[in-house]
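# Fold and geometry: a report
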Amino acid sequence: GEVIIDAQIKLTYTPSAFKYKLSTDNKGQFKASNIEVGGPYVLRVEVPGYRVYERRQLFFDLGTNDDINIVLEEYKEDNVPTLIK
């Protein structure tokens, strides 16, 4: 339930593979301006200590504000095998 500031976001326009690099503000929000209308897009969010979030097949219409609620899962290394020498 915490806001994540400065989360790194990559929005990729699939037809041309053009990437938009964004980040969240102090409210945990981001705005993608001047992007191609339509899609599909791939949205990828990376934050240290959290699992990578990826969502595919996103489409955007002209003049709309699409709210995308993203919940990141903390990355825990509890189940990672340890190498013993």
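In what follows, the structure referred to is the one given above.
Worth saying up front: this structure is predicted, and the values here are computed from it rather than measured.

### Points about the pattern of salt bridges
- Counting across every chain of the model gives 5 salt bridges.
- Note that Arg44 and Glu46 form a salt bridge whose closest N and O atoms lie 2.8 Å from each other.
- Residue Arg51 pairs with Glu73 through a salt bridge whose shortest N-O separation is 3.4 Å. Taken together, the residues span a long stretch of sequence, with Arg51 in the loop between β3 (38–46) and β4 (53–60) and Glu73 in the segment after β4 at a distance of 22 residues.

### Digging into the environment of Leu11
- Note that Leu11 resides in strand β1 (residues 8–13).
- Assessed through its relative accessible area of 2%, Leu11 is described here as buried.
- Along the primary structure Leu11 and Arg56 are separated by 45 residues, whereas in three dimensions their C-alpha atoms are 9.9 Å apart.

### Description of the side chain of Thr24
- Residue placement: Thr24 occurs in the loop between β2 (18–23) and β3.
- Thr24 sits in the buried class, given a relative accessible area of 10%.
- Engagement of the side chain of Thr24 in a polar contact is seen with the backbone nitrogen of Ala7, the distance being 2.9 Å.

### As for the sheet that holds β1
- The strand order across the open sheet built from 4 strands is β2-β1-β3-β4, with neighbouring strands paired in antiparallel fashion. Edge positions in the sheet fall to β2 and β4, since each has one partner strand and no second. Neighbour-to-neighbour, the strand axes of the sheet open up by a mean angle of 25 degrees, direction not taken into account.
- In this sheet, β3 lies alongside β1 in antiparallel orientation, the contact comprising 6 bridges.

### As for the packing of aromatic side chains
- A full pass over the atoms with the stated rule returns 4 aromatic pairs.
- Geometrically, the ring pair formed by Phe18 and Tyr20 is edge-to-face, given 4.9 Å between the ring centres and 75 degrees between the ring planes.
- You can call Phe18 partly exposed: its relative accessible area is 47%.
- Residue classification places Tyr20 among the buried positions, given a relative accessible area of 15%.
- Seen from their ring centres, Tyr41 and Phe60 are 5.3 Å apart, and the 65 degrees between their planes marks the pair as edge-to-face. Here Tyr41, found in strand β3, pairs with Phe60, found in strand β4; they are 19 residues apart in sequence, far enough to count as distant. There is no split in this pair, since Tyr41 and Phe60 are both buried.

Criteria and thresholds
Residues numbered from 1 in each chain as written. Predicted model: local features only at pLDDT ≥ 70, side-chain atom pairs only at ≥ 80, totals over all residues. Heavy atoms only, no water. Salt bridge = Lys/Arg side-chain N within 4 Å of Asp/Glu carboxyl O. Helix = DSSP H or I, 4+ residues; strand = E, 2+ residues; numbered from the N terminus. Buried < 20%, exposed > 50% of the residue type's maximum accessible area, 1.4 Å probe, protein only. Polar contact = N/O pair within 3.5 Å; in protein donor to acceptor, adjacent residues only side chain to side chain. Pairing = 2+ DSSP bridges. Axes fitted to C-alpha atoms, helices over the stretch in contact; angles between N-to-C directions. Phe/Tyr/Trp six-rings, centres within 6.5 Å; stacked < 30°, edge-to-face > 60°.

In short, the description is geometric, and any link to function would need to be established separately.
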